[in-house]
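The lines below spell out each chain.
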Amino acid sequence: MLRFFSVSANLFYSAAQGILDEKAAAVSALGTYALKCGAAFKPFIEPTLDVFTRLSTYFHEDVRMQAVLGMSYVFTATSKTFPSATANDPPTAQVAHVLSKAVETASKIIKQDEDKDVVAAACTCLNRLLCNGTRAALAPHLQAIAELTMELLKGKPLDALLPLSQVLTIEPMKAKGN
């Protein structure tokens, strides 16, 4: 049996809500460990990436939000653990794998999630990936990220994405009566 208690006149919390908040906090902590530990996080990169991928489809929006943000932190840890010699060198297999998984997950959330805060977190994840990734690592993903960005800026539903080449050739609508 769940017990509800009043925090204020209009706000109620339940034991179930508290458990979900704790889960979101744990996911956030795991992402922070990845970010702050850097190369010391090496043995936990793949299991954490798998957990974040699973939790990106969790029913509670706070957990989904922390999972997608945590993916960018795992990418940062992977980049520190398996660096390329220069920015122009191809990424290591580990970095490419984590980047692909993070871009795929964030893109899926942006296209399908109905919660605007979770979509904003996915956009933040992509922004962090773009800021922290090398040119060579990001090159295979730039087209997909550009298409998502165009659709978001145009405010159109993302479930029917057009290829970027079609987006750029669309003629502006003429005003009626012209």
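Residues numbered from 1 in each chain as written. Predicted model: local features only at pLDDT ≥ 70, side-chain atom pairs only at ≥ 80, totals over all residues. Heavy atoms only, no water.

(A) Inspection of the overall build of the protein at higher detail. Helix and strand counts for the protein stand at eight helices and two strands. Listing the helices and strands of the protein from first to last along the sequence gives β-β-α-α-α-α-α-α-α-α. The buried share of the protein, reckoned over its 178 residues, is 35%. Carbon and sulfur atoms form 59% of the exposed surface of the protein, whose accessible area is close to 10700 Å². (Helix = DSSP H or I, 4+ residues; strand = E, 2+ residues; numbered from the N terminus. Buried < 20%, exposed > 50% of the residue type's maximum accessible area, 1.4 Å probe, protein only. Areas by Shrake-Rupley, 256 points an atom, 1.4 Å probe, with all protein chains shown as cover.)

(B) Broad picture of the nonpolar core. Within the largest apolar cluster, 40 residues are counted, with the highest numbers of intra-cluster contacts made by V68, V74, L99, L126 and L129. Of all the elements in the fold, those that place two or more residues in this core are helix 1 (15-37), helix 2 (45-55), helix 3 (61-81), helix 4 (93-112), helix 5 (116-132), helix 6 (135-138) and helix 7 (142-154). The contacts of V68, once residues within four sequence positions are left out, are A106, I109, V118, A121, A122 and C125. (Core = buried A, V, L, I, M, F, W, Y, C linked by side-chain atoms within 4.5 Å. Contact = heavy atoms within 4.5 Å.)

Nothing here speaks to function; it is all geometry.
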